[in-house]
Amino acid sequence: MLVLKKVSLFLTIFFFISQMQIWAQEVNSFSLVDENEISTIVIDDSEAEVVKIAGNLLKNDIKNISGKIPNLGNSLEENIVLAGTLGKSKWINQLVYSNKIDVSDIEGKWETYKILVVENPFDEVKKALVIIGSDRRATAYGLLEISRKIGVSPWEWWADVVPEKMQNIQLNIASETFGEPSVKYRGIFLNDEDWGLQPWAANTFEPETNDIGPKTYAKVFELLLRLRANTIWPAMHSSTKAFYHYPENKKVADDYAIVVGSSHAEPMLSNINAEWDHETMGDYRYDTNASSIKKFFEKRTKATANYEGIYTLGMRGEHDSPMIVGNEDVTSQVSLLENVINDQREILKKYKADYPNTPQAFVPYKEVLHYYKNGLKVPDDVTLIWTDDNYGYIRQLSTESEQNRKGGSGVYYHTSYWGRPHDYLWLNSTNPVLMWEELHKAYSLNASEMWILNSGDIKPHEYNIELFMDMGWDISAFKKSEEVESHQLSWAKREFGKEFSSAISDIMNSYYHLAFQRKPEFMAWSQVEPVTKNKETQLSSIHYGDEVTTRINQYQQLVASVDSIKNQITNNRKDAFYELVYYPVKAAAALNKMWLYAYKNKFVATQNRESAKYYAQKSAEAYEAVAQMTSYYNDSIQNAKWKYIMNKSPRNLPVFDQPAYMGVNSSQESGIGLSLEGHEMEYNQNTTNAHSDVLPIFNAYTENSYYIDVFLKGKEAQNWSTKTNVPWLKLSKTEGKLSTENPEDRIIVSIDWDLVPKGEDKKEAPLGHDYQLIPPSFKVNTTLDILANSEKKTVGVSVFNPELKELKEYNGFIEDKGFVVINAENPTKNKKGTETFWEPIQNLGYTGKVMQAKPYKAAPIAINDSVLKNSAILSYDFYTFNYGEVAIRLASLPTHPLNENYGVRCAVAIDDNSPEIIDFETQGRSEEWKENVLRNRTIKSMSSILNKPGKHTIKIYIIDPGLMIDQILIDLGGLKNAYAFPAETKSK
């Protein structure tokens, strides 16, 4: 009986606890709008202006959805939306004092808000949807959270995402607390605004100021509120007047509760480009003109003393240049910069009532990082703002001791950049997963005080801006790379509906993947100094399936998908689709094709193909397509709402110019020509080169295929056909007609491996890079004839198809044409270390998944025998037919060391050889670094010995955390020049 009583008591307690949890999570319905009633939005008159602004935004959102306009006031009615800030709203205070709401989870916190439904909160109120904020911004965020819940996108105005219409708006609300945010200050930098935001504001949106003025900033600040952001670095180019030139700007910022900061080149909320007058103020040099500069800083600090601001300390030169110092040695530069900082803090102490709690930031950007590394002392309460290298890779983060600084640290990150080695000011081409990885890494090392995104003109950076702010708001929702994909899918669903969300998410993943391999703006070189026109990338038209054509086809598939959705999407979302998906994807595709077809034109013209004209025409069409799409964006969307916002050629760099094209001799005798994969020159059966008429070796273990181009010479149409004497040769086309409208056909040649004869049954079979070196017993030879009129061109085909006992059940990596290629994501074994591990990151790298050394806070592993014992190890089994000295090439993302205590290293060994160190770190802004960031890849090599053919293992050991390995290539002498590694050589 005693046991039964205990069980009964336990069940009673368990039920009570469970019921309390249910009550605590109880979902209450609340009607904002129905056929009989519209809820009133109640905001106390004593609330901050930003709360009233957010209330009006919610009011208009409800109107846009339902067609009905709710009242916004300070009087109680039967059903209300009550929003208030603790200590400000008499209604909220009354609910707190009467114990009708619990605010212990938000009281005293930064930007934290709570939403719940309260029954009978006051005598005259039956039900209230209550929003309580810990401060003014929190309350505003809470009001706009309701807008999110009823389907209003933060991009409702900025990307014309029209909300779905509803007659009734019913919410199901569970008591929920939002905040505190992961990052305290979260915002954007309006930078390089010359080609979009400034001309749009000046000519279209705010002609009364002919500038980015208070009206434009009000719309920017509205966007920031909707994104739960709180900070702005205003536009600062000389095309735009300084933010404080317009007195209304600081008032608008305060009304919207936006904290104003300034960039690394704008100390003390100044704008040197626009405000420094050499005639009246002298040289902008602290070593010779400190008095005048200090007066300038004092004037700005005094004018902004009563507003929220973050004061950037230090000093750089004009126009984003290094500070001018008479004595150029580093010690003098460091000493002068320390004097600048000390003087600035004295000014803040004099004018800011909240000093020393006034937010202050120091940005070690470019040469300033060099000063910092050489002993520059930054006061402990100043926030260190670490920067990326302008191409998405953070240069340095806090050491363990720096992580304990009172001022903490933050991040300044780019998705738009003007500068060397190449601008990218046009489209948003930064891979969201790369941004996630770098920010996640930064946050792991306590960079949580301030995040600023250089988002250029805002458009077309919409998605990355939102991801950036959502991560800054709640980093715990982004622990794995897969959660970025989930976020993007949710974004697509919200903006375009469930029906299209998966397809749009897939499109954007492909768009970012192709841009990761090469940004559209990098498809031809346009270096600032010297300007080099039409310098090609290294994409190959010859090797590994023709990289140029492959990329064209990838964009063609992407364009087809985008066009298909555009034709189906609902009318109310067509403009948003154009802005957020259609234009970025199709414009990127067009600029790529403009150059890719130009490369094809140049290549085929050297073989005198008639198709040179075709490729020139396709390139010219792509050039016109960019212009047409941009014109539609500016002139047609929403009755030219965005006129001047989109520029098809920022800074008029040569990459945006129509390429020059090569012609051919059309008077030549008509006929056909052949071009074989792997051969630069046209097929010539009469050549003395025995290799000119032979396709690369077909390997039974990788089941590869190759192309033959059949092309027209001259203008007279030609019929062609093929002939072969074996049943196992598979051709994608066996006949065709060439004409000036269809000047070439491509035949994909492959093998029916079930029909091809087997070679000898032996343990080893050498696979030379030269097919003639393969013993006849291990290969099968045949020919393929291409016939046209009286012409016959014979192509040799050689198939490596031995029946090797050792490989009967083998499905690992294998040598092909003198190399082995391994995608890092496919290890044979992934062994955890004592403190480290390799983690896959989805949707990043050339292969779509990289392996990263984790955790970020792991100490570097000592480079000695302990590497073998303590390190995490990726192992890859592979098989070679040859042996001897090999070159091992590792491709990684071009990251930087976490800080001065780390490198970017791993150790590599084949079989039982001792591990050797590979270090991926680059120095400064070297030529190597420039090439790496343009490719989003760094490749390092080492040599090793394979002492026999057969099975081997390559191992990669973690030394420094953060390293991301993409691919591994083992070159036995057969590798050809190309942009990317060949496809993975995995046994089929």
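Residues numbered from 1 in each chain as written. Predicted model: local features only at pLDDT ≥ 70, side-chain atom pairs only at ≥ 80, totals over all residues. Heavy atoms only, no water.

1. So, the sheet that holds strand 25 (residues 744-751)
Backbone hydrogen bonds are what pair the strands of a sheet, in a parallel or an antiparallel way.
Right, so step 1: Strand order in the open sheet formed by 4 strands is 19-21-25-23, and the pairing between neighbours is antiparallel. Single-partner strands in this sheet number two, and they are strand 19 (671-676) and strand 23 (729-731). The sheet shows a mean angle of 25° between the axes of neighbouring strands, direction not considered. (Pairing = 2+ DSSP bridges. Helix = DSSP H or I, 4+ residues; strand = E, 2+ residues; numbered from the N terminus. Axes fitted to C-alpha atoms, helices over the stretch in contact; angles between N-to-C directions.)

2. Notes on the packing of helix 2 (residues 49-66) against helix 4 (residues 136-149)
Right, so step 1: Running from amino to carboxyl end, helix 2 crosses helix 4 at an angle of 5°, the nearest separation of the two axes being 8 Å. Considering their axes alone, helix 2 and helix 4 lie roughly parallel with respect to each other. Judged by residue contacts, Val50, Val51, Ala54, Gly55, Leu57, Leu58 and Asp61 of helix 2 engage Arg136, Thr139, Ala140, Leu143, Leu144, Ile146 and Ser147 from helix 4.
Right, so step 2: Here the contact of helix 2 with helix 4 is built from residues that sort into 9 nonpolar, 3 polar and 2 charged. (Parallel < 35°, antiparallel > 145°, perpendicular 65-115°, else oblique. Contact = heavy atoms within 4.5 Å. Nonpolar A, V, L, I, M, F, W, Y, C, P; charged D, E, K, R; others polar.)

3. Some words on the environment of Lys733
Right, so step 1: Position of Lys733 relative to the elements: it lies in the loop between strand 23 and strand 24 (735-738).
Right, so step 2: A relative accessible area of 31% means that Lys733 is categorised as partly exposed.
Right, so step 3: Residues Lys733 and Asn592, spaced 141 residues apart in sequence, show a C-alpha to C-alpha distance of 28 Å. (Buried < 20%, exposed > 50% of the residue type's maximum accessible area, 1.4 Å probe, protein only.)

4. A few points about the packing of aromatic side chains
Right, so step 1: Counted by the stated rule, this structure contains 57 aromatic pairs.
Right, so step 2: A centroid spacing of 5.4 Å and a plane angle of 65° characterise the contact between Trp157 and Phe205, whose relative ring orientation is edge-to-face. Pair noted here: Trp157 is in the loop between helix 4 and strand 7 (169-174) and Phe205 is in helix 5 (residues 197-205), with a separation of 48 residues, a long-range link.
Right, so step 3: Plain terms: the ring middles of Tyr846 and Tyr979 are 6.3 Å apart, the flat faces sit at 20° to each other, and that makes the pair stacked. On the criterion of sequence distance, the pair formed by Tyr846 in the loop between strand 31 (837-842) and strand 32 (849-854) and Tyr979 in the segment after strand 39 (964-971) is long-range, its members being 133 residues apart. For the pair Tyr846 and Tyr979, a shared accessibility class is recorded, and that class is buried.
Right, so step 4: Linked through ring pairs, Trp426, Tyr578, Tyr582, Tyr583, Tyr632, Tyr633 and Phe656 together constitute an aromatic cluster.
Right, so step 5: When the ring centre of Tyr846 is taken as reference, the NZ or CZ atom of Arg937 above it lies at 3.9 Å. (Phe/Tyr/Trp six-rings, centres within 6.5 Å; stacked < 30°, edge-to-face > 60°. Lys NZ or Arg CZ within 6 Å of the ring centre and 35° of its normal.)

5. Digging into the pattern of salt bridges
Right, so step 1: Using the criterion set out here, one finds 50 salt bridges in the structure.
Right, so step 2: With a closest N to O distance of 3.2 Å, Asp745 and Lys733 form a salt bridge. Taken together, the positions of Asp745 in strand 25 and Lys733 in the loop between strand 23 and strand 24 put the pair 12 residues apart, joining distant regions of the chain.
Right, so step 3: The class of Asp745 is buried, set by a relative accessible area of 6%.
Right, so step 4: Three or more residues are tied together by salt bridges with common partners; here these are Glu111, Arg136, Arg137, Arg186, Asp254 and Glu308. (Salt bridge = Lys/Arg side-chain N within 4 Å of Asp/Glu carboxyl O.)

6. A closer look at the side chain of Ser39
Right, so step 1: By secondary structure assignment, the location of Ser39 is in the loop between strand 1 (27-33) and strand 2 (40-43).
Right, so step 2: Assessed through its relative accessible area of 3%, Ser39 is described here as buried.
Right, so step 3: In this structure the side chain of Ser39 is engaged in a polar contact, spanning 2.8 Å, whose partner is the backbone oxygen of Ser31.
Right, so step 4: With residues near it in sequence (within four places) discarded, Ser39 still touches Phe30, Ser31, Leu32, Pro70, Asn71, Asn79 and Val81. (Polar contact = N/O pair within 3.5 Å; in protein donor to acceptor, adjacent residues only side chain to side chain.)

7. Focus on empty space enclosed by the protein
Vacant regions in the atomic arrangement are exposed by a probe of water-molecule size rolled over the atoms.
Right, so step 1: Tallying each qualifying case throughout the model produces 9 cavities of 30 Å³ or more.
Right, so step 2: As a volume, the largest cavity reaches approximately 80 Å³.
Right, so step 3: Together, Asn428, Pro460, His461, Glu462, Tyr463, Trp491, Met508, Tyr511, Tyr512, Leu580 and Pro584 line the largest cavity.
Right, so step 4: Sorting the residues of the lining of the largest cavity by element identifies helix 14 (462-473), helix 16 (498-517) and helix 18 (574-605) as the ones contributing at least two each.
Right, so step 5: Here the lining of the largest cavity gets 3 residues from one element, more than from any other, and that element is helix 16. (1 Å grid on protein atoms, 1.4 Å probe; cavity = no way out; pocket = protein on both sides within 12 Å on 5 of 7 lines; lining within 4 Å. Points joined across faces, edges and corners; volume = space filled by probe spheres on them.)

8. Some words on the sheet that holds strand 24
Right, so step 1: Read from one edge to the other, the open sheet built from 5 strands follows the order 20-27-26-22-24, with strand pairing classed as mixed. In this open sheet, the two edge strands, each paired with only one partner strand, are strand 20 (698-699) and strand 24.
Right, so step 2: For strand 20 and strand 27 (residues 791-800), the ladder comprises 2 bridges, and the chain directions are parallel. When the bridges of strand 27 are listed, Phe698 appears paired with Val799.

9. Looking at the packing of helix 6 (residues 214-226) against helix 7 (residues 247-255)
Right, so step 1: At a minimum axis distance of 9 Å, the contact between helix 6 and helix 7 shows a crossing angle of 20°. Taken together, the axes of helix 6 and helix 7 lie roughly parallel to each other. Crossing hand, helix 6 versus helix 7: right-handed. Contacts from Pro214, Tyr217, Ala218 and Phe221 of helix 6 reach helix 7 at Glu248, Asn249, Val252 and Ala253.
Right, so step 2: Its residues assigned to classes, the contact of helix 6 with helix 7 comprises 6 nonpolar, 1 polar and 1 charged. (Left-handed = near helix turned anticlockwise from the far one by under 90°.)

10. What about the layout of surface pockets?
Right, so step 1: Here the second largest pocket is characterised by a volume of approximately 550 Å³.
Right, so step 2: The wall of the second largest pocket is formed by 26 residues, among which His319, Asp320, Lys366, Trp418 and Gly419 lie closest to the centre.
Right, so step 3: When grouped by side-chain class, the residues that make up the lining of the second largest pocket number 7 nonpolar, 11 polar and 8 charged.

11. Digging into the environment of Asn652
Right, so step 1: Along the chain, Asn652 turns up in the loop between helix 19 (611-635) and strand 19.
Right, so step 2: Since its relative accessible area comes to 59%, Asn652 is described here as exposed.
Right, so step 3: Asn652 sits 27 residues away from His679 along the chain, and the two C-alpha atoms are 37 Å apart.

12. A short note on the nonpolar core
Right, so step 1: Judged by nonpolar contacts, the single largest core of 193 residues is most densely connected at Leu32, Trp158, Phe221, Phe362, Ile504 and Val581.
Right, so step 2: The dominant element in this core, judged by the number of residues it contributes, is helix 18, at 22 residues.
Right, so step 3: If we ignore the near neighbours within four places in the chain, the residues touching Val581 are Trp491, Phe496, Ile504, Ile507, Met508 and Ala576.
Right, so step 4: The next biggest cluster of nonpolar side chains, apart from the first, holds 37 residues, and it includes Met851, Ala907, Ala909 and Ile910. (Core = buried A, V, L, I, M, F, W, Y, C linked by side-chain atoms within 4.5 Å.)

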